[in-house]
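Listed here are the chains, written in short residue letters.
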Amino acid sequence: MGKQDGPGRELNAYEKVYAEDRRAMRAMFRVSIGGAHAGLAITLFIVVLFAAIGCNVWALIAGGAVAFWFTVALIAVVGGGRRRWAAVKRAYLLTFGWAGWL
């Protein structure tokens, strides 16, 4: 019986370590919808705070930067093959999911 290829074969030591590292990285960078909602709330709070203390220019800059980032993320996600609400949700997670790491 020759060398086995495919998903049923035994991994060598290097592949096992590499697979474990990839699992750890995926777990570390995982974002949730709850974290994204928190990120949206924090972002809105900061923009409203800037507007309330009279820094309307900074409020527009911060709000515009977030809107620009969401637009770029949405274009990238649609370009990657997602459509409709799945694309909007993924762009939302990419834009505001950072708060899940706080």
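Residues numbered from 1 in each chain as written. Predicted model: local features only at pLDDT ≥ 70, side-chain atom pairs only at ≥ 80, totals over all residues. Heavy atoms only, no water.

Caption draft 1: Quick peek at the pattern of salt bridges. Summed over the entire model, instances satisfying the criterion amount to one salt bridge. The shortest N-O distance in the salt bridge between Arg 23 and Glu 20 comes to 3.0 Å. Here Glu 20 and Arg 23 lie together in helix 1 (residues 13–28), a separation of three residues that amounts to about one turn. For Glu 20, a relative accessible area of 43% puts it in the partly exposed group. (Salt bridge = Lys/Arg side-chain N within 4 Å of Asp/Glu carboxyl O. Helix = DSSP H or I, 4+ residues; strand = E, 2+ residues; numbered from the N terminus. Buried < 20%, exposed > 50% of the residue type's maximum accessible area, 1.4 Å probe, protein only.)

Caption draft 2: Just the packing of aromatic side chains, in detail. Considering all chains together, one arrives at two aromatic pairs under this definition. Seen in terms of ring centroids, Tyr 14 and Tyr 18 are 6.2 Å apart; in terms of plane orientation they differ by 10°. Their pairing is stacked. Of this pair, Tyr 14 and Tyr 18 both sit in helix 1, four residues apart, which is roughly one turn of that helix. Under the relative-accessibility criterion, Tyr 14 is labelled exposed at 62%. By relative accessible area, Tyr 18 is classed as partly exposed at 45%. (Phe/Tyr/Trp six-rings, centres within 6.5 Å; stacked < 30°, edge-to-face > 60°.)

The quantities given are spatial measurements derived from coordinates; they are silent on function.
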